[in-house]
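Understanding the architecture of this molecule
Residue strings, one per chain:
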Amino acid sequence: MKRLVVLLLTAALMLCCGLPSFAAGSIEVTEDVSVSDDYDWTRFKGQNMTLNVYNWGEYISNGSDDSVDVVDAFEKLTGINVNYTTFDSNESLYAKLKSGAANYDVIIPSDYMVAKMINEGMLKKLNYDNIPNFQKVDEEYRDPDYDPKNEYTVPYMLCTTGIIYNTTMVDKAPTCWADLWDPQYAGNILMFNNSRDAYAIAAFKSGNSINPQSTEEVDQVVEELKAQKPLVQAYVMDEIFDKMIGGEAAIGVYYSGDAITMIDDNPDLVWVFPEEGSVLSVDCMAIPAASEHQEAAEMFINFMCETDIGKANCEFIGYTTPMEEVWEELDEELKYSDIAYPSEEEAAKEKVFTSLSDEVNSELDLKWSEMKSYDEGGSGLLFLSLLTAMVALACFNIWRKVRRRNRNMY
């Protein structure tokens, strides 16, 4: 009888509290995830709406390895369909939007690209009434230089750039960006395949600013990249995962969160925070000016700022959260990771990108393209010689056919 009374009291208490495993004031979305119940998540149900989301590769918890499928959870909660596609650099994101080749509702550019897009009228101003979870973002990441009044963006994740190397392929561990110019790594170096991150590495190495103020400064730093090129195996973005995990290169440069993922898949890999310092980047959620579903896009952004969703994303991708409430919920290994959360000494050496003038930006794009096509060994001349020979041969064959046809006329 006493046992029955206890069971009944326990059941009554559980009912009064509202739910058995989640805090009061929340809606269970999946077995492991709940969201705030004071937000109208279902106002678009039955409208057959599709939201186009454009994000970096490997940059959301997707359901693999027993993780939370964030997109699927959002679709089931809201009734909104999500067309989720990925890009591999800020520059490819910008080019896609600028060309008008596709229409997106939520994009996740980095800080310096945000500033460029704001200046060019490519983003919508946000209605924060639809994004109450913005209040969870730590004060230090609000009103940044790239979006001074937070009119256009909500921070998603933070990261630093650094060196990742294979201990089985490197005799002496690298300690600084300058080591990427060491001939001992010839043919085994992977560099960023985007101008801004690659430029920053050369700027750190040469003691220049990562934010050039003149075309002359750009030219000087790009000469460093030109000098390094003969040592580089490949310029990569997401391809670095397969190459470093598979042991196809000895040393590479990439983002901190992705380094954690690579190290999990290959314990022979090690991360280095370079002595010269590193770039601290903030990737932000924003809505393109051409979006036709702003309110639903703001709902998606708000969903991504839910604590359980932020936790799921951080633990899956390894990046740094801008929300203290999310950090407190992380597993201990990630919470105190020296890759995701550098020491105070390292953090003091972090630099941030700022928007460049149109003139400097154009010069950087031009010199980057020239550097990528530059070949100190003269293969460019060889290509021109071969092309000339092919044209000459084609002309000779045409002449022979004309001559043969003329002879047949007699």
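In this report, the structure presented in the accompanying data block is examined. Keep in mind that this is a model prediction, so the values were computed, not measured.

Moving on to a negative patch on the surface. Judged by side-chain charge, Asp 65, Asp 66, Asp 264, Asp 265, Asp 331, Glu 332 and Glu 333 come together as a negatively charged surface patch. Listing elements by their share of the negative patch, those giving two or more residues are helix H8 (256-265) and helix H12 (332-335). Tracing the backbone through its elements, the reader meets Asp 331 in the loop between helix H11 (324-327) and H12.

To continue, consider helix H3 (residues 90-99). Asn 90, Leu 93, Tyr 94 and Leu 97 are the residues of H3 that are buried. The buried residues of H3 all sit within an arc of 95° when viewed along its axis, so they share a single face. In this structure, the buried residues of H3 make contact with strand S3 (50-56), strand S4 (81-87), strand S5 (106-107) and helix H4 (111-119). Taken from the residues just after H3, Gly 100 is the one with a positive phi, measuring 75°.

Looking at the largest pocket, its volume works out to about 810 Å³. As for the largest pocket, its lining consists of 31 residues, of which Asp 264, Glu 315, Phe 316, Ile 317 and Gly 318 are closest to the centre. Every element with two or more residues in the lining of the largest pocket is listed here: helix H7 (240-245), H8, helix H10 (307-317) and H12. A breakdown of the residues in the lining of the largest pocket according to their chemical character gives 11 nonpolar, 6 polar and 14 charged. Quantified by volume, the second largest pocket comes out at close to 370 Å³. Tyr 141, Thr 320, Ala 340, Tyr 341 and Pro 342 are, among the 22 residues lining the second largest pocket, the residues nearest its centre. The set of elements that each furnish at least two residues to the lining of the second largest pocket consists of strand S6 (154-166), H11 and helix H13 (344-347).

To continue, consider empty space enclosed by the protein. Per the stated rule, a full pass over the model turns up 2 cavities of 30 Å³ or more. Within this model, the largest cavity holds a volume of roughly 150 Å³. Forming the walls of the largest cavity are 17 residues, and the residues nearest its centre are Trp 56, Ser 110, Tyr 255, Asp 283 and Tyr 319. Contributing elements (two or more residues each) for the lining of the largest cavity: strand S9 (251-255) and strand S11 (278-285). When its residues are assigned to classes, the lining of the largest cavity shows 8 nonpolar, 4 polar and 5 charged. Taken as a whole, the second largest cavity holds about 50 Å³ of empty space. For the second largest cavity, the full set of lining residues is Pro 155, Tyr 156, Met 157, Met 285, Met 304, Cys 305, Gly 310, Cys 314, Thr 321, Met 323 and Val 326. Elements supplying a minimum of two residues to the lining of the second largest cavity: S6 and H10. Of the residues contributing to the lining of the second largest cavity, the split by class is 9 nonpolar, 2 polar and no charged.

The subject of this paragraph is the pattern of salt bridges. Evaluated as defined, the whole model comprises 12 salt bridges. Across the pair Asp 72 and Lys 76 runs a salt bridge, and its minimum N-O distance is 3.1 Å. Of this pair, Asp 72 and Lys 76 both sit in helix H2 (residues 70-78), 4 residues apart, which is roughly one turn of the helix. For Asp 72, a relative accessible area of 27% gives the class partly exposed. The exposed category is assigned to Lys 76, whose relative accessible area is 60%. Across the pair Glu 120 and Lys 116 runs a salt bridge whose closest N-O atoms are separated by 3.2 Å. In this structure Lys 116 comes out as buried when scored by relative accessible area, which is 18%.

Here H3 crosses H4 at 20°, and the two axes come no closer than 10 Å. Taken together, the axes of H3 and H4 lie roughly parallel to each other. At the point where H3 passes H4, the crossing takes the right-handed sense. In this structure, H3 contributes Asn 90, Glu 91, Leu 93, Tyr 94 and Leu 97 to the contact, and H4 contributes Tyr 112, Met 113, Lys 116 and Met 117.

Each value, and the rule that gives it
- Residues numbered from 1 in each chain as written.
- Predicted model: local features only at pLDDT ≥ 70, side-chain atom pairs only at ≥ 80, totals over all residues.
- Heavy atoms only, no water.
- Patch = residues over 30% accessible without salt bridge, like charges linked within 9 Å, V, L, I, M, F, W, Y side chains within 5 Å.
- Areas by Shrake-Rupley, 256 points an atom, 1.4 Å probe, with all protein chains shown as cover.
- Salt bridge = Lys/Arg side-chain N within 4 Å of Asp/Glu carboxyl O.
- Lys, Arg positive; Asp, Glu negative; His and termini not counted.
- Charge placed at Lys NZ, Arg CZ, Asp CG, Glu CD.
- Helix = DSSP H or I, 4+ residues; strand = E, 2+ residues; numbered from the N terminus.
- Buried < 20%, exposed > 50% of the residue type's maximum accessible area, 1.4 Å probe, protein only.
- Arc of directions from axis to C-beta.
- Contact = heavy atoms within 4.5 Å.
- 1 Å grid on protein atoms, 1.4 Å probe; cavity = no way out; pocket = protein on both sides within 12 Å on 5 of 7 lines; lining within 4 Å.
- Points joined across faces, edges and corners; volume = space filled by probe spheres on them.
- Nonpolar A, V, L, I, M, F, W, Y, C, P; charged D, E, K, R; others polar.
- Axes fitted to C-alpha atoms, helices over the stretch in contact; angles between N-to-C directions.
- Parallel < 35°, antiparallel > 145°, perpendicular 65-115°, else oblique.
- Left-handed = near helix turned anticlockwise from the far one by under 90°.

Read these as geometric descriptors, not functional statements.
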